[in-house]
Amino acid sequence: MSGSPRVLAVASAGGHWIQLLRLAPAWDGCEVAYATTSADFRDHVARLAASRGQPAPGYHVLTDANRWQKLRLLRQAVEVLLLLLRLRPDVIVTTGASVGYFAIRFGRLLGARTLWLDSIANAKELSLSGARAGPIAHLWLTQWPELARPGGPRYEGQVL
Amino acid sequence: MIFLTVGTQEPFDRLVRAVDQWAATATMPVFGQLGALTPASYRPAHMEWAEFLPARLYEEKVAACRLMVAHAGMGSIISALTAMKPLLMLPRRASLGEHRNEHQLATAEKFAGRPGLHVAADERELPALLDRLLAAPEAPEAALSATASPELIAAVRRFILG
């Protein structure tokens, strides 16, 4: 891979997104795009990048959906697929939830390398989306050492 | 001011009702971010509230408050730790239809006892805890760093650079 891979950092708004942004130093020097379910954080990621001496990242808004909204989930999945076709990221990093699952699922089909970091909220068992996305991700991480296991997620530290 | 936040996805009537009932007789004003309400959701009478605050307003409320009250969500926990505000949490329970699974109970258990983070086992414990934390605020001792642990960042970076 060249010195500056294209990275897509994707998570739903809220706690997942806040955890994702705390990983930002990991993609310094890369060509970065963010995707989340709110238009609200465009300025924030631009400021965050500027504060680290990085160029302004891409920012893409996806439909928000919760567990009851099957049609919106479908729309979200289509949007994620279209975004991946447009951006063609080399690497996808996600902290969840459903947008991250779709990004890993479709990203693998398109040849991206994929990382699922399970939310630190899941202290006793993996999340539903994590249990589905983790096994198909190239790297599957948990934030609690006691949840790490062979053939399952690895522990490499926490977002706090 | 007390800033009450239950995330943006789903209402949390049990917490909002308990805080509203406390606010009815308290002098400390409360502002609530109550999430996407349904027609059947509880609507408080003794506090100002909004369903959803834009990011900038949310940060302003966190910065201005004396105490945060929230569900046991990571967004709320990280906000409170970053702003060094005391946080009182009531975990959502899937058994009461408040979430998909019981992970907020696990989160609350893991984070309870960190300086500044307080947990109410149920809504009946809330009023006394509110009074106690306002009388003697116990805030986080040091602001959270802005980024993840160096080990985790290094692991993610190794993966990205292949």
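Since the structure is predicted, the reported quantities are computational estimates derived from the model, not experimental observations.

Peer 1: Any chance you could break down the overall build of chain A for me, citing the residues and the numbers?
Peer 2: Within chain A, the regular secondary structure consists of five helices and seven strands. In terms of C-alpha radius of gyration, chain A reaches 15 Å, essentially the compact-globule figure of 15 Å for 160 residues. Seen along its three principal axes, the alpha-carbon backbone of chain A occupies a region of about 40 × 35 × 30 Å. The burial tally for chain A puts 51% of its 160 residues in the buried class. Counting contacts in chain A only where the partners sit at least 6 residues apart, residues at least 24 apart contribute 55% of the total.

Peer 1: Provide a residue-level description of the nonpolar core, including the pertinent values.
Peer 2: Ala-103 of chain A together with Val-19 of chain B are the most contacted members of the largest nonpolar core, which has 89 residues in total. If we skip the residues at most four places from it in the chain, Val-19 of chain B touches Leu-4, Val-30, Val-69 and Leu-126 of chain B.

Peer 1: So what's going on with helix α3 (residues 70-87) of chain A? Which residues, and what values?
Peer 2: All names here are of chain A. Over its 18 residues, α3 runs 26 Å from end to end, which matches the ideal 26 Å to within 8%, given 1.5 Å per residue. All of the buried residues along α3 are Gln-76, Ala-77, Val-80, Leu-83 and Leu-84. Looking straight down α3, one finds that the buried residues subtend no more than 130° of arc, so they occupy a single side. Turned more than 90 degrees away from the buried face of α3, the exposed residues are Leu-71, Leu-74, Leu-85 and Arg-86.

Peer 1: With reference to specific residues and values, describe the environment of Val-7 of chain A.
Peer 2: By secondary structure assignment, the location of Val-7 of chain A is in strand β1 (residues 6-11). Classification of Val-7 of chain A by C-beta neighbours within 10 Å gives buried; the count is 27. Sequence-distant contacts of Val-7 of chain A, defined by excluding residues within four places in its chain, comprise Trp-27, Cys-30, Glu-31, Val-32, Pro-89, Val-91 and Val-93 of chain A together with Ile-160 of chain B.

Peer 1: Talk me through the packing of α3 of chain A against helix α4 (residues 98-109) of chain A; I want residue IDs and the actual numbers.
Peer 2: All names here are of chain A. Viewed as axis vectors pointing N to C, α3 and α4 meet at an angle of 45°, and their least axial separation amounts to 9 Å. By the angle between their directions, the pair α3 and α4 is classed as oblique. Here the hand of the crossing between α3 and α4 comes out right-handed. Judged by residue contacts, Leu-73, Gln-76, Ala-77, Val-80, Leu-81 and Leu-84 of α3 engage Ser-98, Val-99, Phe-102, Ala-103, Phe-106 and Gly-107 from α4. Partitioned by chemical class, the residues of the contact of α3 with α4 number nine nonpolar, three polar and no charged.

Peer 1: So what's going on with the sheet that holds β1 of chain A? Which residues, and what values?
Peer 2: Residues and elements named next belong to chain A. If you walk across this open sheet you meet the seven strands as β3-β2-β1-β4-β5-β6-β7, and the pairing is parallel. Every interior strand has two partners, whereas the edge strands, β3 (58-61) and β7 (154-155), have only one. Bridge analysis of β1 against strand β4 (residues 91-96) gives five bridges, and the strand direction is parallel. Residue pairing for β4: Ala-11 is matched across the bridge by Gly-96.

Peer 1: Lay out the sheet that holds strand β6 (residues 117-119) of chain B with the relevant residues and their values.
Peer 2: Residue and element names in this part refer to chain B. Within the open sheet, the six strands sit side by side as β3-β2-β1-β4-β5-β6. Their pairing is parallel. In this open sheet, the two edge strands, each paired with only one partner strand, are β3 (48-50) and β6. Across this sheet, the average inter-strand angle for adjacent strands is 20°, counted without regard to direction. As defined by bridge partners, strand β1 (residues 2-5) adjoins strand β4 (residues 67-70) across four bridges and the pair is classed as parallel. Looking across to β4, one finds that Thr-5 is bridged to Ala-70.

Peer 1: How would you explain the interface of chain B and chain A if you had to name every residue and give the values?
Peer 2: Every contact between the two is made by 28 residues of chain B and, on the other side, 37 residues of chain A. Every element with two or more residues in the side of chain B that touches chain A is listed here: α3 (74-83), α4 (103-111) and α6 (150-161) of chain B. Ranked by residues supplied to the side of chain B that touches chain A, first place goes to α6 of chain B with eight residues. Split by residue class, the side of chain B that touches chain A holds 13 nonpolar, 10 polar and five charged.

Peer 1: Mind laying out the environment of Ile-92 of chain A, listing which residues take part and the relevant values?
Peer 2: Residues and elements named next belong to chain A. Turning to its location among the elements, Ile-92 is positioned in strand β4. The spacing of Ile-92 and Arg-113 is 21 residues in sequence and 6.2 Å in space, taken between C-alpha atoms. Those residues within four positions of Ile-92 in sequence are excluded, and the remaining contacts are Leu-8, Val-10, Ala-103, Ile-104, Gly-107, Ala-112, Thr-114 and Leu-115.

Peer 1: How would you summarise the packing of helix α1 (residues 13-23) of chain B against helix α5 (residues 126-135) of chain B if you had to cite specific residues and measurements?
Peer 2: All names here are of chain B. Across the interface, α1 lies against α5 with an axial gap of 10 Å and an inter-helix angle of 60°. With respect to each other, α1 and α5 are oriented oblique. The way α1 lies across α5 gives a crossing that is right-handed. Each of Ala-18, Val-19 and Trp-22 in α1 lies in contact with α5, whose residues at this interface are Leu-126, Pro-127 and Leu-130. Taken together, the residues of the contact of α1 with α5 break down into six nonpolar, no polar and no charged.

The rules behind each value
- Residues numbered from 1 in each chain as written.
- Chains lettered and ligands numbered in written order.
- Predicted model: local features only at pLDDT ≥ 70, side-chain atom pairs only at ≥ 80, totals over all residues.
- Helix = DSSP H or I, 4+ residues; strand = E, 2+ residues; numbered from the N terminus.
- Rg over C-alpha atoms; globule rule 2.2 N^0.38 Å.
- Buried ≥ 20, exposed ≤ 12 C-beta atoms within 10 Å, placed from the backbone.
- Contact = placed C-beta atoms within 7 Å.
- Core = buried A, V, L, I, M, F, W, Y, C linked by C-beta atoms within 7 Å.
- Expected span 1.5 Å × (residues − 1).
- Arc of directions from axis to C-beta.
- Axes fitted to C-alpha atoms, helices over the stretch in contact; angles between N-to-C directions.
- Parallel < 35°, antiparallel > 145°, perpendicular 65-115°, else oblique.
- Left-handed = near helix turned anticlockwise from the far one by under 90°.
- Nonpolar A, V, L, I, M, F, W, Y, C, P; charged D, E, K, R; others polar.
- Pairing = 2+ DSSP bridges.

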